[in-house]
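A look at the structure
Each chain, letter by letter, is given below.
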Amino acid sequence: MKFPVPVTLSELARMTDSRVMGDGSAHVSGINEIHKVETGDITFVDHPKYYDKALASAASFIIINRECEPPPGKSLLFASDPFACYNRIVLHFRKFIPASGNISSTSSIGNHTVLQPGVFIGENVTIGDHCVIHPNVTIYDHTQIGNHVIIHAGTVLGADAFYFKRRPEGYDKMHSCGRVVIHDYVEIGAGCTIDKGVSGDTLIGKGTKLDNQIHVGHDTVIGKNCLIAGQVGIAGVVTIEDDVILWGQVGVQKDLTIGKGAVVLGQSGIPKSLEGGKTYFGSPTQEAREKMKELALIKRLPEIVEKLKKKNLGH
Amino acid sequence: MKFPVPVTLSELARMTDSRVMGDGSAHVSGINEIHKVETGDITFVDHPKYYDKALASAASFIIINRECEPPPGKSLLFASDPFACYNRIVLHFRKFIPASGNISSTSSIGNHTVLQPGVFIGENVTIGDHCVIHPNVTIYDHTQIGNHVIIHAGTVLGADAFYFKRRPEGYDKMHSCGRVVIHDYVEIGAGCTIDKGVSGDTLIGKGTKLDNQIHVGHDTVIGKNCLIAGQVGIAGVVTIEDDVILWGQVGVQKDLTIGKGAVVLGQSGIPKSLEGGKTYFGSPTQEAREKMKELALIKRLPEIVEKLKKKNLGH
Amino acid sequence: MKFPVPVTLSELARMTDSRVMGDGSAHVSGINEIHKVETGDITFVDHPKYYDKALASAASFIIINRECEPPPGKSLLFASDPFACYNRIVLHFRKFIPASGNISSTSSIGNHTVLQPGVFIGENVTIGDHCVIHPNVTIYDHTQIGNHVIIHAGTVLGADAFYFKRRPEGYDKMHSCGRVVIHDYVEIGAGCTIDKGVSGDTLIGKGTKLDNQIHVGHDTVIGKNCLIAGQVGIAGVVTIEDDVILWGQVGVQKDLTIGKGAVVLGQSGIPKSLEGGKTYFGSPTQEAREKMKELALIKRLPEIVEKLKKKNLGH
């Protein structure tokens with residue numbers, strides 16, 4: 001997330017009861033978690049294991065729970081609980097405001113776009129032209145929708161990321177400040193849920209079509225002209241390249257890439273990145289041909305056991 | 001779909017900028033895709049592979065992208081893009097009209113039927129007597145619901161079929177003109193999605209009970225007194241006969257039949273038709289007993305490998 | 001369910017056209033099915049297989065279709081159809097009343113709790129302080145929600161149990177009179193469905209977090225600080241102890257226990273109880289390490305078959 005206008009590091013220090021190590025007058029342009037951070041942004045790190053990664057990241061500013069020299073060109077905020085500081089900054093800029101009606105007056109709805117009854121449109125939502133939003137769809141704050149988009153009934157765009165930090169007293173929520181972005185000519189079926197990014201965008205590319213009851217996690221980016229069938233579940237921070245086809249009930253684990261044009265057959269479970277241009281099956285997935293051979297061999301197990309028995313008798 | 005009144009073939013030619021080959025004064029009673037087409041109907045074909053099938057089908061009229069002699073008793077429309085013509089005819093008769101309220105004035109609601117808050121009822125919907133439609137249910141245009149039907153909250157009946165034609169520039173939607181038809185004494189759980197037929201009916205037979213979060217694809221026909229557990233996904237054009245039981249998270253591929261009284265255990269994946277009266281398990285499904293034996297043999301693999309090793313040593 | 005005030009057994013006999021065997025003046029404090037029944041309650045039994053279990057249960061009163069001597073300290077109701085009697089008593093005390101508005105006037109909503117547009121709140125619902133209920137959520141009658149609870153859009157709490165008795169003429173619904181109870185600091189994602197208990201409570205413990213599109217069946221009890229990922233399906237009467245983690249698309253069969261701190265990997269299917277403190281994978285589940293070994297051995301099947309072939313040649 002970018003701030004509406006850049007903010008000095010000292011101001012963020014005051015907001016979070018933390019201490020500047022470096023240049024307090026430097027301007028911070030936005031806040032992002034480590035996967036999405038860009039030059040000018042602030043991020044956080046609270047575990048020694050990730051100190052080096054955070055300090056070497058694109059972030060110009062880092063909230064950290066160790067006193068140390070800022071790397072060249074960067075400044076730091078020292079705090080005992082950087083995660084809590086990150087949340088305080090996010091909540092300062094993305095305060096939850098109870099809706100004053102079904103369609104927020106801060107939203108922008110294009111020409112020839114139809115909103116059916118029961119649709120909820122949050123703050124600062126933009127919807128393009130020639131869209132149809134079917135009944136009882138919920139669109140959370142800051143969602144961006146292009147032109148010629150169809151969203152079927154009961155679908156939810158922009159609910160919070162499923163992202164928690166375990167503390168001794170229970171789970172602490174990482175507050176989401178990202179968005180859902182839907183490009184032109186996308187169609188989304190009924191009963192889908194597409195979460196907003198933690199700090200970046202969950203994105204569905206031009207011309208991609210989703211069937212019903214599909215779940216897409218935070219910060220996942222889906223390419224153009226993909227076809228995703230019913231009840232597919234896609235975790236967070238996944239990249240799906242163009243022209244991918246996922247058949248029904250496929251499950252995709254977080255933080256991986258499915259290459260351009262890959263086809264994944266029904267009920268497959270994808271635990272790691274898949275090369276494009278191939279067909280996959282199984283949980284965990286293998287190339288479909290290989291998996292089919294394996295299934296055929298398993299069917300021959302009784303015969304194999306029989307042979308082994310005979311050999312034993314022969315000796 | 002049948003037209004409100006029969007239409008001459010010439011009129012459809014004008015509507016679609018196509019050319020009559022045969023009798024333009026013949027009356028066309030309806031439009032259906034190839035799986036559902038009946039005598040008197042028009043259908044379309046655009047790939048040489050399916051020309052013969054379409055010309056020999058029950059259709060009395062075929063939109064085709066080849067100049068040819070009509071088969072005896074049939075007439076044709078010649079067009080370079082039959083799929084687009086089909087869509088234009090469908091959209092002419094099933095134009096999407098934005099709702100003027102939550103409950104369309106063209107719908108018919110029976111006696112002693114309760115519609116809870118947030119329910120949306122589209123155009124030309126019929127609901128029988130003694131039904132309860134729980135909050136935030138969406139019922140699209142043309143849905144037919146019998147008597148003593150219960151539909152739980154958030155369920156969506158009649159969203160569009162997931163049916164697209166791949167073109168060089170992206171996916172082109174086949175517009176649905178079918179319906180959802182729910183017979184008497186059906187109960188449907190919360191968060192289900194049942195798509196309308198592409199041109200025919202998606203049907204749920206008398207006394208069948210659906211749990212929550214079930215997806216039923218277009219043109220699927222479910223028999224009487226079936227029991228379908230949570231999160232089952234059923235693709236399009238499936239036939240499920242009477243008294244079938246599907247346990248949780250089962251996936252059913254398109255265009256197959258599950259025979260009367262079959263029982264399919266949880267998480268099974270059904271890739272092809274199943275005989276009735278048997279119990280199945282696995283993805284892909286096998287008879288449950290056979291699958292259980294296989295699982296037991298797989299557990300013996302370490303022992304098998306051990307035996308093979310010993311034999312190698314022995315020689 | 002407890003009755004608002006205790007009721008004499010004779011009164012229940014009149015209500016159900018059944019006959020008292022024992023003390024008609026005894027007071028009955030509530031009605032519960034056999035899994036949840038407590039001293040003072042009435043339950044029912046209609047199959048000889050379960051007579052002894054019901055008569056020896058905690059129930060003080062049993063509706064039964066056999067004439068017999070009441071056990072010491074208990075009284076019976078004789079009826080030819082005890083299931084129907086049970087339903088009549090439940091429906092007498094839990095009559096379905098059509099809503100008069102979106103938020104029932106008999107509900108109690110705490111301080112600083114936000115109800116977004118399109119939310120439905122049924123009769124006798126209690127929601128604590130500092131909660132956010134996002135748009136188009138449906139909360140059925142009698143649901144209890146603690147403090148600091150977040151429920152995302154489109155979720156449904158308290159739909160009826162999926163519980164039917166097969167009769168020659170079709171399925172007969174067991175009417176639910178239980179509740180959904182959500183403890184403090186729970187967060188529930190979008191598009192979830194949590195069914196009410198048949199006669200007891202479906203419960204989610206303090207600090208537990210649910211992702212999107214999760215289904216939780218009737219009378220299931222989930223402990224504290226669990227993490228349940230997207231599209232998990234949990235059947236009825238399951239016990240999930242504290243600190244359990246279920247990854248995406250896991251399926252849990254009914255009537256089992258998952259021990260404290262167990263972790264179950266994505267798409268696993270759980271057919272029987274799991275010990276706590278371990279990691280599981282597969283459908284059906286095994287310990288993850290064991291399952292991984294098995295998968296590795298299956299990959300060696302081609303080599304094993306090859307070896308067997310060679311041995312055949314060698315002899």
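Brief notes about the overall build of chain A
Helix and strand content of chain A: five helices and 34 strands. With respect to the three principal axes, the spread of C-alpha positions in chain A is 85 × 55 × 35 Å. Within the span of chain A, comprising 315 residues, buried residues form 57% of the whole. Here chain A has roughly 12500 Å² of accessible surface; of this, 53% comes from carbon and sulfur atoms. Distance between charge centroids for chain A: 8 Å, based on 33 positive and 33 negative side chains.

A closer look at the relation of the copies chain C and chain A
Mapping chain C onto chain A leaves a residual RMSD of 0.1 Å; the transformation is a rotation of 120° accompanied by 0.0 Å of translation along its axis. In short, the pair behaves as if placed about a three-fold rotation axis.

Description of the packing of helix α1 (residues 9-16) of chain C against helix α3 (residues 82-93) of chain C
Residue and element names in this part refer to chain C. Their axes nearest at 9 Å, the elements α1 and α3 cross at an angle of 105°. Judged by the inter-axis angle, α1 sits roughly perpendicular to α3. Residues Leu 12, Met 15 and Thr 16 of α1 form the contact with α3, whose own contacting residues are Cys 85, Arg 88, Ile 89, His 92 and Phe 93. Here the contact of α1 with α3 is composed, by residue class, of five nonpolar, two polar and one charged.

Here's the deal with helix α2 (residues 48-55) of chain B
Residues and elements named next belong to chain B. Within α2 the residues assigned to the buried category are Tyr 51, Ala 54 and Leu 55. Taken end-on, α2 shows its buried residues confined to a sector of 85°, consistent with a single buried face. Those residues of α2 that are exposed and aimed more than 90 degrees away from the buried face are Lys 49, Asp 52 and Lys 53. Packed against the buried residues of α2 are β4 (41-45), β5 (61-64) and β6 (75-78).

Let's talk about the interface of chain B and chain C
Often, the extent of an interface is quoted as the loss of accessible area upon association of its parts. Across the contact, 41 residues belong to chain B and 50 residues belong to chain C. Of the roughly 3400 Å² buried between chain B and chain C, counting both surfaces, carbon and sulfur atoms make up 61%. Our enumeration of links across chain B and chain C arrives at three salt bridges. In this structure, C:Arg166 and B:Asp243 form a salt bridge, with 3.0 Å as the shortest nitrogen-oxygen distance. On inspection of chain B and its partner chain C, the count reaches 21 residue pairs in polar contact (both at pLDDT 80 or more).

Looking at the pattern of salt bridges
All told, the structure shown has 54 salt bridges over all chains when counted by the stated rule. Salt-bridge contacts for A:Lys2 lead to A:Glu38; the nearest nitrogen and oxygen are separated by 3.2 Å. Taken together, the residues span a long stretch of sequence, with A:Lys2 in strand β1 (residues 2-8) and A:Glu38 in the loop between β3 (27-31) and β4 (41-45) at a distance of 36 residues. Its salt-bridge partner being C:Asp41, residue C:Lys2 comes within 2.6 Å of it at the nearest N-O pair. Separated by 39 residues along the polypeptide, C:Lys2 in strand β1 (residues 2-8) and C:Asp41 in strand β4 (residues 41-45) bring together distant segments of the chain.

Quick notes on empty space enclosed by the protein
Rolled over the atoms, a probe as big as a water molecule pinpoints where empty space is left. Under the criterion given, the structure shown has eight cavities of 30 Å³ or more. Approximately 230 Å³ is the volume found for the largest cavity. A:Gly154, B:Gly154, B:Gly191, C:Gly154 and C:Gly191 are the residues nearest the centre of the largest cavity, which is lined by 23 residues in total. The residue makeup of the lining of the largest cavity, split by class, is six nonpolar, 17 polar and no charged.

Examining the interface of chain C and chain A
The interface of chain C with chain A comprises 41 residues on the first partner and 51 residues on the second. Summing both partners gives a buried area of about 3400 Å² for chain C against chain A, and 61% of it is carried by carbon and sulfur. Contact with chain A buries area across many residues of chain C, yet C:Gln213, C:Gln267 and C:Leu308 alone supply 15% of it, more than any other trio. Applying the counting rule to chain C against chain A returns three salt bridges. In this structure, the salt-bridge partner of C:Lys299 is A:Glu294, at a minimum N-O distance of 3.8 Å. Viewed at the interface, chain A and chain C are joined by 22 residue pairs in polar contact (both at pLDDT 80 or more).

Description of the confidence of the model for chain A
A residue-level look at chain A finds 99% of positions with pLDDT of 70 or above and a mean pLDDT of 96. Under the prediction, the complex receives an ipTM of 0.96, its pTM being 0.97.

Structural notes on the domain arrangement of chain A
Residues and elements named next belong to chain A. Segmenting chain A into domains produces domain 1 (2-93) and domain 2 (108-291). A separation of 30 Å is found between the C-alpha centroids of domain 1 and domain 2. Contacts between domain 1 and domain 2 engage 14 residues on the former and 16 residues on the latter. Of the roughly 1100 Å² buried where domain 1 meets domain 2, counting both sides, 58% is carbon and sulfur surface. Among the residues domain 1 hides against domain 2, the three largest losses belong to Glu 33, Lys 36 and Phe 83. Together they make up 41% of the total. Where domain 1 touches domain 2, the interface holds two salt bridges. With its nearest N and O atoms 3.1 Å apart, the salt bridge here joins Arg 167 to Asp 81. Our enumeration of links across domain 1 and domain 2 arrives at six residue pairs in polar contact (both at pLDDT 80 or more). Looking at which element gives the most residues to the side of domain 1 that touches domain 2, the answer is helix α3 (residues 82-93), with six residues.

Some points on unusual backbone geometry
Note the cis peptide between A:Ser283 and A:Pro284, where omega equals 5°. By the element assignment, A:Pro284 lies in the loop between β33 (279-281) and β34 (286-287). For B:Asp219, which is not glycine, the phi dihedral falls at a positive 65°. Although it is not a glycine, B:Gln267 adopts a positive phi angle of roughly 70°. Its location among the elements puts B:Gln267 in the loop between β31 (263-264) and β32 (269-270). Exposure remark for B:Gln267: the relative accessible area of 14% places this residue in the buried category.

Comments concerning the side chain of B:Arg167
Residues and elements named next belong to chain B. Within the fold, Arg 167 resides in strand β16 (residues 164-167). A polar contact of 2.9 Å, which involves the side chain of Arg 167, links it to the side chain of Asp 172. When near neighbours in sequence (up to four residues on either side) are disregarded, Arg 167 contacts Asp 81, Phe 83, Ala 84 and Asp 172.

Considerations on the sheet that holds β32(B)
All names here are of chain B. One open sheet holds the eight strands; their spatial order is β9-β12-β15-β20-β23-β26-β29-β32, and the pairing between them is parallel. A strand with exactly one partner marks an edge of an open sheet, and here the two such strands are β9 (120-121) and β32. In the sheet, β9 pairs with strand β12 (residues 138-139) via two bridges, with the strands oriented parallel. Within the sheet, the bridge partner assigned to Phe 120 lies in β12 and is Thr 138.

Thoughts on the sheet that holds strand β33 (residues 279-281) of chain C
Residues and elements named next belong to chain C. One open sheet accounts for ten strands, arranged β8-β11-β14-β19-β22-β25-β28-β31-β33-β34; its pairing is mixed. The open sheet has two free edges, formed respectively by β8 (114-115) and β34 (286-287), since each of these has just one partner strand. As judged from the two bridges shared by β8 and strand β11 (residues 132-133), these two strands associate in the parallel manner. Its bridge partner being in β11, Val 114 is matched across the sheet by Val 132.

Quick notes on helix α4 (residues 288-299) of chain A
Because the α-helix completes a turn every 3.6 residues, residues three or four places apart line up on one side. Between its terminal C-alpha atoms α4(A) stretches 17 Å, which fits the 16 Å expected from twelve residues at 1.5 Å a residue. Residues of α4(A) that are buried: A:Ala288, A:Lys291, A:Glu294, A:Leu297 and A:Ile298.

Some words on the packing of aromatic side chains
Applying the stated criterion to the full structure yields 15 aromatic pairs over all chains. For the pair A:Phe162 and A:Phe164, a centre-to-centre distance of 5.4 Å together with 80° between the ring planes defines the contact as edge-to-face. Under the relative-accessibility criterion, A:Phe164 is labelled buried at 16%. Taken together, the ring pairs in this structure connect A:Phe44, A:Phe83 and A:Tyr86 into an aromatic cluster. Seen from the ring of A:Phe83, A:Lys165 lies directly overhead, with NZ or CZ sitting 5.6 Å from the centre. One cation-aromatic arrangement involves C:Arg166 over C:Tyr171; the distance from NZ or CZ to the ring centre is 4.8 Å.

Reading the values: rules and limits
Residues numbered from 1 in each chain as written. Chains lettered and ligands numbered in written order. Predicted model: local features only at pLDDT ≥ 70, side-chain atom pairs only at ≥ 80, totals over all residues. Heavy atoms only, no water. Helix = DSSP H or I, 4+ residues; strand = E, 2+ residues; numbered from the N terminus. Buried < 20%, exposed > 50% of the residue type's maximum accessible area, 1.4 Å probe, protein only. Areas by Shrake-Rupley, 256 points an atom, 1.4 Å probe, with all protein chains shown as cover. Lys, Arg positive; Asp, Glu negative; His and termini not counted. Charge placed at Lys NZ, Arg CZ, Asp CG, Glu CD. Least-squares fit on C-alpha atoms with pLDDT ≥ 70 in both. Axes fitted to C-alpha atoms, helices over the stretch in contact; angles between N-to-C directions. Parallel < 35°, antiparallel > 145°, perpendicular 65-115°, else oblique. Contact = heavy atoms within 4.5 Å. Nonpolar A, V, L, I, M, F, W, Y, C, P; charged D, E, K, R; others polar. Arc of directions from axis to C-beta. Buried area = accessible area lost by both parts, 1.4 Å probe. Salt bridge = Lys/Arg side-chain N within 4 Å of Asp/Glu carboxyl O. Polar contact = N/O pair within 3.5 Å; in protein donor to acceptor, adjacent residues only side chain to side chain. 1 Å grid on protein atoms, 1.4 Å probe; cavity = no way out; pocket = protein on both sides within 12 Å on 5 of 7 lines; lining within 4 Å. Points joined across faces, edges and corners; volume = space filled by probe spheres on them. pLDDT = per-residue confidence, 0-100. Domains from an automatic or database assignment. Pairing = 2+ DSSP bridges. Expected span 1.5 Å × (residues − 1). Phe/Tyr/Trp six-rings, centres within 6.5 Å; stacked < 30°, edge-to-face > 60°. Lys NZ or Arg CZ within 6 Å of the ring centre and 35° of its normal.

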